[in-house]
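So the chains spell out like this:
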Amino acid sequence: MKCGDLIECYRQVLLSWFGKDEGRPFINKAVRRIAELWGENKLIVVEAPTGYGKSAITATISLYNSVNGFKTLAVYPLRSLLKDQHSKLAEVIPSKYLGRRHMHEAESPFLIRPVTLTTLDTFSLTLMGLPPEELSKVYQAWEGTSYGSLGHFMFSWATTFLSDVILDEVQLVADETKSLNFLYALVKLYLDAEGKLIFMSATIPNSLKEVLKEASNGRVEFISFSHEDDPEFVNGRCSKNYEVRLVEGRPSAKEVISAYEEVGGRGIAVFNTVAEAVEFYREIKDKVSAVLLHSRFTMQDRDRIQKEVRELEEGIVVTTQVIEAGMDVSSNFMMTDVAPANSLVQRAGRFLRYGESKGTFLVFYEGTSGRRYKVYDAELVERTWNFLKERDGEVSLHLPEGCNNRMGFSEMIDQVYQEYRVNRRDVDAFLRPLLNLESGSKKAVEIFYEMEGSFVRSGQIVPVITRLEDLPNGVVPISFSQFSKISGNVRAVSKREAKGCKKVSEHGEYLIVELSGRVRNPKDLITKTIRCGIVAFLVDGTYSREEGLRVGG
């Protein structure tokens, strides 16, 4: 498939995906504007409602670059987003040019393929000169036990800075201070290097726009959807007939099933924690067709369950935040625990997404007196809930400007996210390693250690298994906070024996090692994982294909 410019490539994508060369009006407008700005040194930000088809922009740029000898990095905050996008891009990009790189897949080591889909975690590591392929060597050099990566970090810099970067669902990156600092540094780095940087989102608060203006020194272009861009789409969304119900306290299983049966079809129940989702699934699975989906499944089982979700015509999908992005699925009924406005709008993107005309959207709130509401910032959750209550739920879930006397979600977003705080010291820390041509990766690993194992996440993700026979594909990710609750000494599956990890047995190509003492904090986890080449931690628990991983009682 060949094309000479972005507009022609866009038409090729539309023909391949939809069998016609005319797309949705706003995407047409956005692609034309991107083509006009292609030679300018600007950050481009595209805002369009959920389900509108922004992925055509990623496909267009990827196709154009692949046929003209350039590179594209499509970066996603969530791994679930990446998989769905890969299957779409595979229809227009030859397989030899297309690859994935994240914790479980290494088709594109060092992000080397012309079109690479990766996670924000892997991208940030590679950009900082610590690609997963080299991290162990660099860490050992930092400890003084090896020579390190011998300058390979410069190759990582080349594969990132010589690529056009498209970051999808950028609002999810700004939800935490650490990732917002990285985002700020990324904008400065790319524009100073005259690289092409494109952000996409359904919801960007005005306060975040101000941060992007500052980071780019005013070199930013916002291409934002308005009702005039596509009256037919707006009328279709406005014709949806739904009620937003607000409930103080969590509804009982009986109440939820009754509300679901009023509309039927596919229902989705979203909880903020895995434990709550599992509990609710057990309560309803004998009363109504139900499927459980959360983050503590193996990749193979998640793929299988996502297929079951798409095929479910009558019943309730019980899930967590994993449904927010990357799952092309819709529902007539949605019940959700309240979440910050960005997340709530993303969840609503799975409600009446397509041809459905009528439904119920139920939001519940259990209250809080601390700084956290389950996994979220309590203040953001409370602002979201108060906004909904003050308007008696009369907020458009699908349109930024609203209709039918419903206020658009953009006003809720702006009121909830009143200020974004950037830590300039951390921004400078991100920039420092790239100014050191002699030992940039050593400087980066020092920052990586101080930031407790991630440049973008506030919580460490720990790979675990409950049985040796689950290797190598049965690894399940859990949070460090959950992992730290596991009592006693921990064994691990390792590639080598080293200080602090003593071999107790072997299992095929792996060593089973016993760690000296508990893993006390994220820094201790980093040290043990890298020093010993740990593939996964072997923990006491149970795993089932129906309910996933259960540890810690």
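Here's a quick rundown of the structure. Note that the coordinates shown come from a computational prediction; the quantities given were computed from them, not determined experimentally. (Residues numbered from 1 in each chain as written. Predicted model: local features only at pLDDT ≥ 70, side-chain atom pairs only at ≥ 80, totals over all residues. Heavy atoms only, no water.)

## As for the overall build of the protein chain
Assigned secondary structure in the protein chain consists of 21 helices and 26 strands. By the compact-globule yardstick of 24 Å for 553 residues, the protein chain fits well, its C-alpha radius of gyration being 23 Å. Dimensions of the protein chain, computed from C-alpha atoms along their principal axes, come out at roughly 65 × 55 × 45 Å. Here the protein chain holds 553 residues, and the buried ones make up 58% of them. Here the analysis covers contacts within the protein chain between residues at least 6 apart in sequence; of these, 71% occur between residues at least 24 apart. (Helix = DSSP H or I, 4+ residues; strand = E, 2+ residues; numbered from the N terminus. Rg over C-alpha atoms; globule rule 2.2 N^0.38 Å. Buried < 20%, exposed > 50% of the residue type's maximum accessible area, 1.4 Å probe, protein only. Contact = heavy atoms within 4.5 Å.)

## A word on the state of the cysteines
Overall, the coordinates contain 3 disulfides when judged by the stated rule. With its sulfur 1.7 Å from that of its partner, Cys3 forms a disulfide with Cys9. Between Cys3 and Cys9 the sulfur-sulfur dihedral comes to about 85°; the bridge is accordingly right-handed. Comparing Cys3 with Cys9, the two get one shared label, buried. Through a disulfide, Cys238 is tied to Cys403; the S-S separation comes to 2.2 Å. On the sign convention where negative means left-handed, the S-S torsion of about -125° between Cys238 and Cys403 marks this disulfide as left-handed. Of this pair, Cys238 sits in helix 11 (residues 231-238) while Cys403 sits in strand 17 (residues 402-403), and the two are 165 residues apart along the sequence. (Disulfide = S-S within 2.5 Å.)

## Focus: the pattern of salt bridges
Applying the stated criterion across every chain, the model contains 37 salt bridges. For the salt bridge of Glu506 with Lys503, the shortest nitrogen-to-oxygen distance reads 3.2 Å. Among the residues examined, Glu506 registers a relative accessible area of 55% and is labelled exposed. Using a relative accessible area of 35% as the deciding quantity, one classes Lys503 as partly exposed. When salt bridges with common partners are traced through the structure, they connect Arg33, Glu36, Lys42 and Glu221 into a single cluster. (Salt bridge = Lys/Arg side-chain N within 4 Å of Asp/Glu carboxyl O.)

## Some points on the packing of helix 1 (residues 6-18) against helix 3 (residues 55-67)
Put simply, helix 1 and helix 3 touch, their axes get as near as 8 Å, and they point 120° apart. As the angle between them shows, helix 1 and helix 3 are arranged oblique. Of the two possible hands of crossing, helix 1 and helix 3 adopt the one that is right-handed. Across the interface between the two elements, Leu6, Cys9, Tyr10, Gln12, Val13 and Trp17 from helix 1 touch Ser55, Ala56, Ala59, Thr60, Ile61, Leu63 and Tyr64 from helix 3. (Axes fitted to C-alpha atoms, helices over the stretch in contact; angles between N-to-C directions. Parallel < 35°, antiparallel > 145°, perpendicular 65-115°, else oblique. Left-handed = near helix turned anticlockwise from the far one by under 90°.)

## Quick notes on empty space enclosed by the protein
To find the voids left in a structure, one rolls a probe of water-molecule size over its atoms. On inspection of all chains with the given rule, the structure shows 3 cavities of 30 Å³ or more. The volume enclosed by the largest cavity comes to roughly 100 Å³. Lining the largest cavity we find Arg79, Ser80, Leu82, Lys83, Arg100, His102, Glu105, Met299, Arg302, Asp303 and Gln306. Counting only elements with at least two residues in the lining of the largest cavity, the list comes to helix 4 (79-89), strand 3 (98-102) and helix 14 (299-311). (1 Å grid on protein atoms, 1.4 Å probe; cavity = no way out; pocket = protein on both sides within 12 Å on 5 of 7 lines; lining within 4 Å. Points joined across faces, edges and corners; volume = space filled by probe spheres on them.)

## A look at the packing of helix 3 against helix 4
Two numbers describe how helix 3 lies on helix 4: the axes approach to 10 Å, and their chain directions differ by 55°. Here helix 4 runs oblique to helix 3, going by the angle between their axes. In this structure, helix 3 crosses over helix 4, and the sense of that crossing is right-handed. Mapping the contact onto sequence places Ser55, Thr58, Ala59 and Ser62 in helix 3 and Gln85, Lys88 and Leu89 in helix 4. Here the contact of helix 3 with helix 4 is built from residues that sort into 2 nonpolar, 4 polar and 1 charged. (Nonpolar A, V, L, I, M, F, W, Y, C, P; charged D, E, K, R; others polar.)

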